[in-house]
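Here is how the chains run, residue by residue.
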Amino acid sequence: EGVLMKKVQEMFGLKLDIPRGFTLRGTVGDSLIVMSYEYPLATQGIAIYSYPYSGKSDFEASALVKRRNEFLRHIPGPSKGSYMTTAESYEPEVFYKRIDGRFWAEMRGFWDVAGDFMGGPMVSWSTLDTYTDSVVTIDCYVFSPKYNKRNYLRGLEHIIYSASFPDPAAKEQK
């Protein structure tokens with residue numbers, strides 16, 4: 001098990017298969033971790049964050065975008081004072097799914113850097129961790145101004161599909 005995988009499980013109780021090559025870019029307290037895989041002309045990024053659950057409205061599109069922007073403003077852009085945000089020019093789409101009995105809100109759209117000229121596609125999946133009563137989001141984004149982004153984004157989605165929340169009660173019994 002890699003260092004990042006252990007860190008994610010410690011912070012969020014989330015088991016996530018993170019391939020070798022991803023590098024920790026930073027954390028904010030115990031509620032946000034950012035990592036990326038850097039290619040010569042592309043970046044695959046993952047931000048995982050959590051916040052207290054306040055009700056079903058947490059999974060509405062506007063609430064998901066608001067929370068995403070609150071957390072991802074901690075990801076600095078290339079110029080002084082710039083930061084990542086959700087693109088306003090194209091409203092993200094939200095789809096609701098149940099996978100292995102767990103409810104997920106999948107949001108797809110684009111990200112921008114406020115104060116600079118950067119952006120790209122993003123996908124984020126949010127779920128309720130009933131053990132901690134918090135919303136946990138796995139947010140993935142790609143930056144590749146020169147090349148197609150589809151396969152980079154699909155690679156990140158593959159990581160999301162590995163997500164599971166091990167039963168904390170089983171851990172305590174050992």
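Sequence positions are assigned chain by chain, starting from 1 and proceeding in written order. Where totals are concerned, whole chains, interfaces and linings use all residues; where local detail is concerned, this predicted model gives features only for residues with pLDDT of at least 70, and gives and counts side-chain atom pairs only at 80 or more. Side-chain descriptors were evaluated using all non-hydrogen atoms of the structure, hydrogens and water having been removed beforehand.

Trainee: Now, about the overall build of the protein chain: what can you tell me, with residues and values included?
Mentor: Along its length, the protein chain carries four helices and eight strands. Listed N to C, the secondary structure of the protein chain is α-β-β-β-α-β-β-β-β-β-α-α in terms of helices and strands. As a reference, a globule follows 2.2 Å times the number of residues to the power 0.38, and the radius of gyration itself is taken over C-alpha atoms. For 174 residues, the compact-globule estimate of 2.2 N^0.38 gives 16 Å, and the C-alpha radius of gyration of the protein chain, at 16 Å, lies within 12% of that figure. For the exposure calls, accessible area comes from a 1.4 Å probe over protein chains only, and a residue counts as buried if that area is under 20% of its type's maximum, exposed if over 50%, partly exposed in between. Every one of the 174 residues in the protein chain was classed for burial, and the buried ones make up 43%. Shrake-Rupley sampling with a 1.4 Å probe provides the accessible areas, and residues are treated as covered by the protein chains on show and by no other component. Entry remark: accessible area of the protein chain is about 9800 Å², with carbon and sulfur atoms responsible for 51%. A run of DSSP states H or I qualifies as a helix once it reaches four residues; a run of E qualifies as a strand once it reaches two. Both are numbered from the N-terminal end.

Trainee: Please provide a residue-by-residue account of the packing of aromatic side chains, values included.
Mentor: Classification of ring pairs rests on two measures: the distance between centres of Phe, Tyr or Trp rings, Trp counted by its six-membered ring, which must be within 6.5 Å, and the angle between planes, read as stacked under 30 degrees, edge-to-face over 60 and tilted in between. In the structure shown here, the tally under the stated rule is 13 aromatic pairs. Ring centres of Phe59 and Phe103 lie 5.2 Å apart, and the angle between their planes is 90°; this geometry places the pair in the edge-to-face category. Residue Phe59 is found in the loop between strand 3 (42–52) and helix 2 (61–72), and its partner Phe103 is found in strand 6 (residues 102–114); the two are separated by 44 residues along the sequence. Here the aromatic residues Phe22, Tyr37, Tyr39 and Tyr152 are joined through ring pairs into a cluster of three or more.

Trainee: Quick one: what's the story with helix 1 (residues 3–12), residue by residue and with numbers?
Mentor: Where helix 1 is concerned, the buried positions are Leu4, Met5, Val8, Met11 and Phe12. Buried residues in helix 1, looked at end-on, bunch into an arc of 135°, giving them a common side. Among the exposed residues of helix 1, those pointing more than 90 degrees away from its buried face are Val3 and Glu10. Lining the buried residues of helix 1 we find strand 1 (23–28), strand 2 (32–39), strand 3 and strand 7 (119–129). Of the residues trailing helix 1, Gly13 is marked for its positive phi of about 70°. Arc definition: it is the arc formed by the directions from the helix axis to the C-beta atoms. Contacts are assigned to residue pairs that have any heavy atoms within 4.5 Å of one another.

Trainee: Quick one: what's the story with the environment of Ile160, residue by residue and with numbers?
Mentor: Tracing the backbone shows Ile160 in helix 3 (residues 150–161). Judged by its relative accessible area of 3%, Ile160 is buried. Along the sequence, Ile160 and Thr137 sit 23 residues apart, while their C-alpha atoms lie 10.0 Å from each other. Not counting residues up to four positions away in its chain, the partners in contact with Ile160 are Leu16, Val123, Trp125, Ile138 and Cys140.

Trainee: Lay out helix 2 in plain terms, naming residues and giving numbers.
Mentor: Its 12 residues place the ends of helix 2 16 Å apart at the C-alpha level, agreeing with the 16 Å of an ideal helix rising 1.5 Å per residue. Of the positions making up helix 2, those classed as buried are Ala63, Leu64, Val65, Arg68, Phe71 and Leu72. A helix is expected to reach a length of 1.5 Å times the quantity of its residues less one.

Trainee: Talk me through the pattern of salt bridges; I want residue IDs and the actual numbers.
Mentor: Salt bridges are counted wherever a side-chain nitrogen of Lys or Arg sits within 4 Å of a carboxyl oxygen of Asp or Glu. According to the stated counting rule, one finds seven salt bridges in the structure shown. One salt bridge connects Lys15 with Asp17, and the closest N-O pair in it is separated by 3.7 Å. With a relative accessible area of 31%, Lys15 lands in the partly exposed category. A cluster of three or more residues bridged by salt bridges with shared partners is formed by Lys97, Glu106, Arg108 and Glu157.

Trainee: Provide a residue-level description of the environment of Phe117, including the pertinent values.
Mentor: Here Phe117 shows up in the loop between strand 6 and strand 7. Its relative accessible area of 82% is what places Phe117 among the exposed residues. Phe117 sits 79 residues away from Glu38 along the chain, and the two C-alpha atoms are 19 Å apart.

Trainee: Break down the confidence of the model for the protein chain for me, with residues and values.
Mentor: Mean pLDDT over the protein chain stands at 92; residues scoring 70 or higher make up 95%. The predictor attaches a confidence to each residue, and that confidence, scored 0 to 100, is pLDDT. Per-element averaging of pLDDT across the protein chain places helix 4 (residues 168–173) at the bottom with 54 and strand 8 (residues 134–143) at the top with 97.

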